[in-house]
Amino acid sequence: MEWFESENFWTQYAPIMFDDARWAEAPTVAQYVKDIAKLSPGSKVLDAGCGLGRIAVELAALGLDVTGVDIIQSELDAARDSAEAEGVELTLINQDLRTFHAKNQFDCAVNLYTSFGYCDTVEEDMQILRNIADSVKPDGTFIMECTSRETAILYWTPGEEFERAGYKVVTHFEVVGAWEGLKSQWTLYPLQKNQKQPVVDHTFIQRLYPATFLRNKLLEFGFSKADVYGDFDHSPYDEHARTMIIIGRK
């Protein structure tokens, strides 16, 4: 089993990775998706790697017909709870994106907040992109946000320390190969000495792709156009880029 298939990992680390700032930005990101893809009420949207439903719930709140796919059932359960609390409906599917396939079913697909690049092989990563591309209807849109090789270099740090969700979080990063990947170690130390939680430590590797490689793969997989931006505001993908956004259109 690969690390991202572990329910225990996500139970421990989701509160660390998805802090208040990430939740607060969700409505703005969802509105961006709706506007860029020119979606109308009832449009079908695939959130590929939906996790806790952070974006999926906000998309549904905009009147869209949202399907969230994730490999972790506990994440889907949390997404369902969030949807019920917000009074919206989601279709939630427990499936591996390497095998999920719904040909020409969606007006728009999204894969956001670096939910990509964790498989053991490049071929598996590309199968995920191919499956998402196949799931988008003709004239549909795919929006991808991911740490790229360029942004990893631009914002390189050997590590940091911060407090979140009752823990002191210590991170350590190492480059793998010729910037082919980023090895990340996250160690969680309980802030209160009387806490029963043990120290938690996890290391994983994210494969780093150049933006042009991913753009060209989207063109290969059936999109007629693919543009790269440095943020959701369509700023240039240059030395000032905050992240990597790729918009593919069929």
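Below you will find a few notes about this structure. (Residues numbered from 1 in each chain as written. Predicted model: local features only at pLDDT ≥ 70, side-chain atom pairs only at ≥ 80, totals over all residues. Heavy atoms only, no water.)

Things to note about the packing of helix H3 (residues 26-36) against helix H4 (residues 54-61)
For the record, the criterion: Orientation is described by lines fitted to C-alpha atoms, with helices fitted over the stretch in contact, and by angles between N-to-C directions that extend from 0 to 180 degrees. Secondary structure is summarised from DSSP: a helix means a run of H or I of at least four residues, a strand means a run of E of at least two, and numbering begins at the N terminus for each. The labels follow the angle: roughly parallel below 35 degrees, roughly antiparallel above 145, roughly perpendicular from 65 to 115, and oblique for the rest. Helix crossings fall into two classes, left-handed where the near helix is turned counterclockwise from the far one by less than a right angle and right-handed where it is turned clockwise. Only heavy atoms enter the contact rule, under which two residues are in contact if any of them lie within 4.5 Å. When residues are sorted by character, Ala, Val, Leu, Ile, Met, Phe, Trp, Tyr, Cys and Pro go into the nonpolar class, Asp, Glu, Lys and Arg into the charged class, and all the rest, Gly among them, into the polar class.
The N-to-C vectors of H3 and H4 enclose an angle of 60°; their axes lie 8 Å apart at closest approach. Comparing their axes, H4 and H3 come out oblique. You can see that H3 and H4 cross each other, and the crossing is right-handed. Across the interface between the two elements, Ala-26, Pro-27, Val-29, Ala-30 and Val-33 of H3 pack against Arg-54, Ile-55, Glu-58 and Leu-59 of H4. Counted by class, the contact of H3 with H4 contains 7 nonpolar, no polar and 2 charged residues.

Here we look at the sheet that holds strand S5 (residues 136-146)
What counts, and what does not: One bridge is not enough; two strands pair if DSSP finds at least two bridges between them.
The 7 strands lie next to each other as S3-S2-S1-S4-S5-S11-S10, forming an open sheet whose pairing is mixed. This sheet does not close on itself; its edge strands, each paired only once, are strand S3 (91-94) and strand S10 (225-229). In this sheet, neighbouring strand axes are inclined to one another by 15° on average, regardless of whether the strands run parallel or antiparallel. Across 4 bridges, the pairing between strand S2 (residues 65-70) and S3 is parallel. Residue Asp-70 lies in a different strand from S3, and its bridge partner there is Asn-94. Against the sheet, H3 engages strand S4 (106-111), S5 and strand S11 (244-249), with an angle of about 30° to S11.

Quick word on the pattern of salt bridges
Convention followed: One side-chain nitrogen of Lys or Arg within 4 Å of one carboxyl oxygen of Asp or Glu is enough to make a salt bridge.
Under the criterion given, the structure shown has 15 salt bridges. A salt bridge links Asp-65 to Lys-44; the nearest nitrogen and oxygen atoms lie 3.6 Å apart. In this pair, Asp-65 is assigned in strand S2 and Lys-44 in strand S1 (residues 44-48), connecting sequence segments 21 residues apart. Two residues, Glu-145 and Arg-242, come together in a salt bridge whose shortest N-O distance is 3.9 Å. Of this pair, Glu-145 sits in strand S5 while Arg-242 sits in the loop between S10 and S11, and the two are 97 residues apart along the sequence.

Examining H3
For clarity, the cut-off: Think of it in three bands: residues with accessible area under 20% of the maximum for their type are buried, residues over 50% are exposed, and the middle band is partly exposed, with areas taken using a 1.4 Å probe on protein chains only.
Within the span of H3, buried status applies to Ala-26, Val-29, Ala-30, Tyr-32, Val-33, Lys-34 and Ile-36. Turning to H3, the residues buried within the fold contact helix H2 (20-24), H4, S4, S5 and S11. Positive phi appears at Lys-38, one or two residues downstream of H3, with a value of about 55°.

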